[in-house]
Amino acid sequence: MLPRSGNPGYITGAPLLIANSGAVQHMSVLRSENDGSCSQFLRHTVQFGRNMRTGCKISLSPVLEDSNCSYIQQKLHKAFQGMNRTEHFAITGSAHSAQAEEWMTILIQNCSVQAVNCSSCCMVPVTLEIQILWTKVGLLSNPQAQVLGTRHFYQCQPLRFLNTSMVPVTTVVTFTDMTDWPEPPRGQPQMHWKLPFDIFFPFKISLICRRHLKMLCRAALSPLVRSPGWCFVSPPHAIAAISRLYFPCHNQRLRNESIRCWSNIPFITVPLSRAHGKSFAHRSELKHAKRIVVKLGSAVVTRGDECGLALGRLASIVEQVSMLQNQGREMMIVTSGAVAFGKQRLRHEILLSQSVRQALHSGQSQLKDVAIPVLEARACAAAGQSGLMALYEAMFTQYSICAAQILVTNLDFHDEQKRRNLNGTLHELLRMNIVPIINTNDAVVPPPEPNSDLQGVNVISVKDNDSLAARLAVEMKTDLLIVLSDVEGLFDNPPGSDDAKLIDIFYPGDQQSVTFGTKSRVGMGGMEAKVKAALWALQGGTSVVIANGTHPKISGHVITDIVEGKKVGTFFSEVKPAGPTVEQQAEMARAGGRTLAALQPEQRAEIIYRLADLLTDQREEILLANKKDLEEAENKGRLALPLLKRLSLSTSKLNSLAIGLRQIAASSQDSVGRVIRRTRIAKDLDLEQVTVPIGVLLVIFESRPDCLPQVSALAIASGNGLLLKGGKEAAHSNQILHHLTQEALSIHGVRDAVQLVNTREEVEDLCRLDKLIDLIIPRGSSQLVRNIQKAAKGIPVMGHSEGICHVYVDTDASVEKVTRIIRDSKCEYPAACNALETLLIHRDLLRTPLFDQIIDMLRVEQVKIHAGPKFASYLTFSPSEVKSLRTEYGDLECCIEVVDSVQEAVEHIHKYGSSHTDVIITENEKTAEFFLQHVDSACVFWNASTRFSDGYRFGLGAEVGISTSRIHARGPVGIEGLLTTKWLLRGDNHVVSDFSEHGSMKYLHESLPLPQRNAN
């Protein structure tokens, strides 16, 4: 598939656009019916890049057509084209139909021969071959597909009038790529090179040309820029010259259209650019980085035995760098590894030579252990540099990218002339789309101090390459420096120590808060050298990220993840956020939650009562903030109607929220610390199981600000710390509701227990905080829930991805109950997750007054009906057939399907449902009990609306969500679902050895009565 960017171009599978007398439509070809005849109404759409062949038979009427050859020819032409007057239609070169300059006449070759030896025959078209010529245009790093022209060629056969009633016809569509690359530089293979300038360049605008590009550079065209082995096109009138050169054939109109098409193309375009001088302030801005340096430490490039290269890891890094380079970025690599690669080669040479000498000297076939002498680092570097570069070249060649090697020493930066030469060389390489690979010239640098960790081999200090990468980044005004090492990033204490924490963002001046450990297994600089180099680069205007390039689970995408702004490694920034980081907020929530759990039940209830009062007292301020959110959402037009309904708050909603919060307060008196089991293990040894909070909850919700006070009250009642991440569409509403929540918490000094995340944290990054968050609860669309379930690593997720609720109407259903329950289930609040989505009706109810009443009621309520496959088969004119029986509409739409029995209804629910809420309407108790017992959903109702599936209506006060999982909590989740348990064992000098076979004590395992619960 060809990507598309600034200029609209075709992509694989896109329909080709044609114009017929001014009307734009899709190009189409013949389509056959089931009996093999040509369809009069349906045709196959021609899709770009996909060859196709179709065939069918056209029926001719002998009475009307046996004496009119011209009429038959016109009928067959119309069948082929799907329109009249084929000479008046054209095809567009791009996917943008509004650009009239790009329309080109379709060249048609009709039948012109006469039938031989047949006076009663008519030459008619039986085959249409459509050849579509296209080429790649645009940025070389991001080409587009443009159609150059289309030729229709008819093949004809003689038709004998009286003996033929069915004419077999065939259409063949082929796509021909006319792209031809210019001659590559000398010594470079045809497919592995790039132009020096990233310009819009017509690769080939010819219907014939194989040799014209060479001729073009030699032609006397003054506007063209010449260079040995290259041909560059600059102004638009040069394109006219190319068009005249490459379109010598066909007609003048085609040539002129082509000229107009190309003259509109902007020639010099930079897809990524920004003014250098200031580093990026946030990770999310890293995607705008144009020029990037990737520094590969020795621990990343070498194997664990420090003898040889980690080839798989290196190949993955090259793939990521190539991907970014092909996006139009300018990539540079500062690499280690020459010493390790040279050590491997020299070891093999020494082993081979010593083995041969030993065998010749001793005359024995049994060789003794060969001693490996100490290898000098500079010799290893000299032996390894060529091999390392050859390896890089071979890897980059697989992605059609050229690489160049540059070896430097510290002296090159002290000599002003050498600095200018180095700078000019790097700029020239980047201008030619070549990846520079820079390394210190370890073969000539002064010998370092011995390094005992390398078992006799001295490796040049990693600090040299850290400093080199930082210096190059500043000298070349790069936007981003990525330093890959063998640790996840910068820790506040040495990695591996008990209290070491990864620092997400590091700011200048934070060095005092970091305790540096020893260096890595190879190199001499360690993390302290990396930090100093990073801060120096940051001061020079280059953003820096230090990350792990050796971890097998992330090394395959670590570089691209960093550029995409994901939370990987440590990001160095000069801009400190106004508030705490999300990690600090999670720690504050945990500390606040533990204090909250230690409060008396009456104190937690008092906080919730206070919050309920604030919701009614501050009603005007809340509604005003919500009005701002609604106005912004409507102005931007980014929310669908169901989400707008969820976003809206009203006085009645706030009153209902306050009532629900008071219910939570009343029912939370003994939620935390409640004894649910007591067992006497032995004399004076009693065991209790008591309820405790889960810990820190992360609740992610979108377009529903009423969720914030509900979830906050449940977290307060259950003693949990809470992190809230709301959608930006409800920012104003969430802000004031969170402020009121913290005001209520302040009456007992636990303000920090509930935190609202206002930073730029992505949901995916929040889901990685497995050491700070204990449970994730998503509240929103099915797509949101699925994304969170996919992103969560090591953190359980409670929720449901879809709310596909069913109502089954049995043969014994009450007429009065059916319409009321269905109306309430579907129409009371269609955007809710517990709204009816699929209506199952027993087959015997079709064409009965009850069925008619159901349909009439849905029509009055303006519910759009989609017919299931079985229901559609019973109707002559059915509603639109459903695309999928597993659809959550979230609006005034529903699917109707027919089943033969309650057993089939249960099977349908299990196959297409989401285990949320399912209902049966019947007066037959036996049938109802069968349904209740066999449907495996979180909520199963008999003669009641699906809308009762709600924490408030269940008497839970509110809910954090509805869970369809089978572990811990299911259905509407209230306070009980936010609690777990712990075991308390009270003894008196008890040891297990006393209960052995010859011990003095025996197990009793007696159940003890539970303490009385608070009657209030």
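Residues numbered from 1 in each chain as written. Predicted model: local features only at pLDDT ≥ 70, side-chain atom pairs only at ≥ 80, totals over all residues. Heavy atoms only, no water.

Caption draft 1: Examining the side chain of N834 more closely. As for its placement among the helices and strands, N834 is situated in the loop between helix 24 (815-827) and strand 29 (836-842). Exposure remark for N834: the relative accessible area of 3% places this residue in the buried category. Looking at N834, its side chain comes within polar contact range of the side chain of R947, at 2.6 Å. When residues no more than four places from it in sequence are discounted, the contact partners of N834 are C805, H916, T946, R947, S949, D950 and R953. (Helix = DSSP H or I, 4+ residues; strand = E, 2+ residues; numbered from the N terminus. Buried < 20%, exposed > 50% of the residue type's maximum accessible area, 1.4 Å probe, protein only. Polar contact = N/O pair within 3.5 Å; in protein donor to acceptor, adjacent residues only side chain to side chain. Contact = heavy atoms within 4.5 Å.)

Caption draft 2: Up close: the sheet that holds strand 24 (residues 696-701). The strand order across the open sheet formed by four strands is 26-25-24-27, and the pairing between neighbours is parallel. Of all the strands in the sheet, the pair left with one neighbour each is strand 26 (754-756) and strand 27 (775-779). Between one strand and the next, the sheet's axes are offset by a mean angle of 20°, whatever the strand orientation. Bridge count for strand 25 (residues 721-726) against strand 26 is three bridges, and the pairing is parallel. Its bridge partner lying in strand 26, L723 is registered against Q755. The strands touched by helix 15 (residues 582-598) are strand 24, strand 25 and strand 26; relative to strand 25, the strand with the most contacts, the crossing angle is about 140°. Of the strands in this sheet, strand 24 and strand 27 touch helix 23 (residues 782-791), which is tilted by about 160° from strand 27. (Pairing = 2+ DSSP bridges. Axes fitted to C-alpha atoms, helices over the stretch in contact; angles between N-to-C directions.)

Caption draft 3: Geometry of the pattern of salt bridges. Applying the stated criterion across every chain, the model contains 31 salt bridges. Taking the shortest distance from any N to any O, the salt bridge between E583 and K567 comes out at 3.1 Å. Highlighted residues: E583 in helix 15 and K567 in the loop between helix 14 (558-563) and strand 21 (570-572), separated in sequence by 16 residues. A residue is classified by how much of its surface remains accessible, and E583, at 17% relative accessible area, is buried. Where E923 meets K817, a salt bridge forms, and the shortest distance between an N and an O atom there is 2.9 Å. Of this pair, E923 sits in the loop between strand 32 (917-921) and helix 28 (925-934) while K817 sits in helix 24; the two residues are 106 residues apart in sequence, bridging distant segments of the chain. (Salt bridge = Lys/Arg side-chain N within 4 Å of Asp/Glu carboxyl O.)

Caption draft 4: Quick look at unusual backbone geometry. Positive phi outside glycine occurs at K477, with the angle close to 55°. With respect to the helices and strands, K477 occurs in the loop between helix 12 (462-475) and strand 18 (480-485). Even without being a glycine, N943 presents a positive backbone phi close to 55°. You can see N943 is positioned in the loop between strand 33 (939-942) and strand 34 (961-963). A residue is classified by how much of its surface remains accessible, and N943, at 21% relative accessible area, is partly exposed.

Caption draft 5: The state of the cysteines, seen in detail. Taken as a whole and assessed by the stated rule, the structure comprises one disulfide. What pairs with C38 in a disulfide is C56, and their sulfur atoms sit 1.9 Å apart. Here C38 and C56 share a disulfide; its torsion about the S-S bond, 90°, makes the bridge right-handed. Here the residue C38 occupies a position in the loop between strand 3 (28-29) and strand 4 (44-45), and C56 occupies one in strand 5 (residues 52-59), the gap between them amounting to 18 residues. With respect to class, C38 is no different from C56; both count as buried. The thiol of C833 is unpaired, and the distance to the nearest cysteine sulfur, on C805, comes to 6.9 Å. Considering cysteine sulfurs only, C894 is the nearest to C895, which forms no disulfide, with 7.3 Å between them. (Disulfide = S-S within 2.5 Å.)

Caption draft 6: Here's a closer look at the packing of aromatic side chains. According to the stated counting rule, one finds nine aromatic pairs in the structure shown. Ring centres of F48 and W134 lie 5.4 Å apart, and the angle between their planes is 75°; this geometry places the pair in the edge-to-face category. Highlighted residues: F48 in the loop between strand 4 and strand 5 and W134 in strand 9 (residues 121-139), separated in sequence by 86 residues. Taking relative accessible area as the criterion, F48 reaches 2% and is therefore assigned buried. (Phe/Tyr/Trp six-rings, centres within 6.5 Å; stacked < 30°, edge-to-face > 60°.)

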